[in-house]
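Single-letter residue listing:
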Amino acid sequence: MERLPSFSGLTAFYAAARHGTLTAAAQELNVSQPAVSRRIAALEADLGCALFDRSRKPVRMTPQGKDLLQALHSGFGQIEASVARLRQSAQGRVVTVSAPAGFVAFWLIPRLGALEDAFPGVTIRILSQEYGEAVRPGDLLIRFGLPETGAGQEQRLLGDEVFPVASPLYLSRLGMAADRHDFARMTLLTMETARSQWHDWPSWFQEAGLAMPSGVRALDFNSYAMLVNAALAGQGVCLAWGGVLDSFLGTGALVRLQGPSASSARGYFASARDGLAAGRDVRDILAWITEKAA
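Residues numbered from 1 in each chain as written. Predicted model: local features only at pLDDT ≥ 70, side-chain atom pairs only at ≥ 80, totals over all residues. Heavy atoms only, no water.

### Notes on the side chain of Thr-96
Note the following rule: Counting from the N terminus, the helices are DSSP H or I runs at least four residues long and the strands are E runs at least two residues long. Burial classes: relative accessible area under 20% of the type maximum marks a residue as buried, over 50% as exposed, and values in between as partly exposed (1.4 Å probe, protein chains only).
Tracing the chain through its elements places Thr-96 in strand E3 (residues 94–100). Given the relative accessible area of 5%, Thr-96 is considered buried.

### What to know about the environment of Gly-236
Within the secondary structure, Gly-236 is located in the loop between helix H9 (224–232) and strand E10 (238–241). Assessed through its relative accessible area of 0%, Gly-236 is described here as buried. Put simply, Gly-236 and Leu-188 are 48 residues apart on the chain and 5.7 Å apart in space, counted from C-alpha to C-alpha.

### Examining the pattern of salt bridges
Put simply, the rule is: Between Lys or Arg on one side and Asp or Glu on the other, a salt bridge is scored when a side-chain nitrogen of the former is within 4 Å of a carboxyl oxygen of the latter.
Applying the stated criterion across every chain yields a total of seven salt bridges. For Glu-28, the salt bridge is made with Arg-18, and the minimal N-O distance between the two is 2.6 Å. In this pair, Glu-28 sits in helix H2 (residues 22–29) while Arg-18 sits in helix H1 (residues 7–19), placing the two residues ten residues apart along the sequence. Here Glu-44 makes a salt bridge to Arg-54, at a shortest N to O gap of 3.1 Å. In this pair, Glu-44 sits in helix H3 (residues 33–47) while Arg-54 sits in the loop between strand E1 (52–53) and strand E2 (60–61), placing the two residues ten residues apart along the sequence.

### Topic: the environment of Val-122
Which entries qualify depends on this criterion: Contacts: residue pairs with any heavy atoms within 4.5 Å of one another.
Within the secondary structure, Val-122 sits in the loop between helix H6 (112–118) and strand E4 (123–129). Not counting chain neighbours up to four residues away, the residues in contact with Val-122 comprise Arg-93, Val-95, Asp-281 and Ile-285.

### Describing the packing of aromatic side chains
Aromatic rings in a pair are described by how distant their centres are and how their planes are angled relative to each other. The test is simple: The aromatic pairing rule takes the rings of Phe, Tyr and Trp, using the six-membered ring of Trp, and pairs them if the centres are within 6.5 Å, calling planes under 30 degrees apart stacked, those over 60 edge-to-face and the rest tilted. Note on geometry: a ring has a charge over it if NZ (lysine) or CZ (arginine) is within 6 Å of the ring centre and within 35 degrees of the ring normal.
Applying the stated criterion to the full structure yields eleven aromatic pairs. Taking the centre distance of 5.5 Å and the plane angle of 55° together, the rings of Phe-13 and Phe-52 count as tilted. With Phe-13 in helix H1 and Phe-52 in strand E1, the pair connects residues that are 39 residues apart, well separated along the chain. Accessibility classification places Phe-13 together with Phe-52 in one group, the buried group. Relative to Phe-205, the ring of Trp-204 lies with its centre 5.3 Å away and its plane at 75°, an arrangement referred to as edge-to-face. The exposure class of Phe-205 is buried, given its relative accessible area of 1%. Among the aromatic residues, ring-to-ring pairing joins Phe-183, Trp-201, Trp-204 and Phe-205 into one connected group. Arg-18 extends its terminal NZ or CZ atom over the ring of Tyr-14, reaching a point 4.5 Å from the ring centre. Positioned above the aromatic ring of Phe-163, the side-chain terminus of Arg-256 is 4.0 Å from the ring centre.

### Observations regarding H1
An α-helical turn contains 3.6 residues, so any two residues separated by three or four positions project in the same direction. Keep this limit in mind: Expected span of a helix, by definition, is 1.5 Å for each gap between consecutive residues, and there is one gap fewer than residues.
Here H1 is 13 residues long and its end C-alpha atoms lie 18 Å apart, about the 18 Å a rise of 1.5 Å per residue gives. Buried within H1 we find Gly-9, Leu-10, Thr-11, Ala-12, Phe-13, Tyr-14, Ala-15, Ala-16 and Ala-17. Of the residues flanking the end of H1, it is Gly-20, one or two places downstream, whose phi is positive at about 85°.

### Topic: the pairing of strand E7 (residues 161–166)
When a strand is regular, its side chains alternate between the sheet's two faces. Using the following cut-off: At least two bridges found by DSSP between two strands are what make those strands a pair.
Counting buried positions over the six residues of E7 gives five, a clear majority of the element. Bridge count for E7 against strand E12 (residues 262–263) is two bridges, and the pairing is antiparallel. Residue Val-162 lies in a different strand from E12, and its bridge partner there is Ala-262. By the bridge criterion, four bridges tie E7 to E10 in an arrangement that is antiparallel. Within E10, the position partnered with Val-165 by the bridge is Cys-238. In this structure, E7 lies alongside strand E11 (residues 255–256), joined through two bridges in antiparallel fashion. Bridging across to E11, Val-165 finds its partner in Arg-256.

### Topic: the sheet that holds strand E13 (residues 267–272)
Read across the open sheet, the five strands follow the order E4-E3-E5-E13-E6; overall the sheet is mixed. Single-partner strands in this sheet number two, and they are E4 and strand E6 (155–156).

### As for the nonpolar core
To keep it simple, the criterion reads: The set of buried Ala, Val, Leu, Ile, Met, Phe, Trp, Tyr and Cys residues whose side-chain atoms join them within 4.5 Å is what this entry labels a nonpolar core.
Phe-103, Ile-142, Leu-157, Trp-204, Tyr-224, Leu-245 and Ile-285 are the most contacted members of the largest nonpolar core, which totals 64 residues. In this structure, Leu-157 is in contact with Phe-103, Ile-142, Tyr-268, Ala-270, Ile-289, Thr-290, Ala-293 and Ala-294, ignoring residues within four places of it in sequence. Counting 19 residues, the second-largest nonpolar core is a separate cluster that includes Leu-10, Ala-15, Ala-17 and Leu-69.

Laid out in structure tokens, this is it:
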């Protein structure tokens, strides 16, 4: 059998790739940021290739890094599923929810307290994945994309409207307002890796019936969570899916830019992994999430 790299290097890379920063990876692993950097460097030396392209900010994974991340998602996902089953048999009522990272961060986490209050006897586990990564196993599956033909058990969660949002600070700095803005002078926050699944700016301008400005500045991210955080920090304007960023729109941390919006058949869909054979807790939590998202 081919010699495997060190487990510490693999876990350091896995954490950094999922979080997008060494700082967040270090916090998850409970080690220092330089330690994470050293482990990844040692892993790259062992493999004989670079896993991250550090020539630009934010750093991106190389094709080799994406291949390794895909393999680790599959392997760690199977381990997590086995551990979850073992813990469930020992602890009793456990429901695992697998969902895209953006949905987890911006829709599910703000409602976790209410979800736990509604199901006090159930331990709820959350697994997240970025767009394009393998779906991580769970009892309740939430995915983003087009509706599946013949998938009668899938429930659509959120609306199909897509519109631009920005922080008031960013608009003020540019001398603009929600009802008076100029895309040609703004930085567009993009997520090119998810273009086939998500509305990116070219498709949004086309669907909204607008001409995309030529030569407009863009910042690209490989994570929707990072992209939204950049918008909150006043780094540019991003696209929001109806219902996902309501907590920020409600507090005024982000404002919707007035004007045309686009619509899409794409959206968030939820289903029980075992369909009609799913347990009572899974079916009840699926119904709860569907109702709150309506």
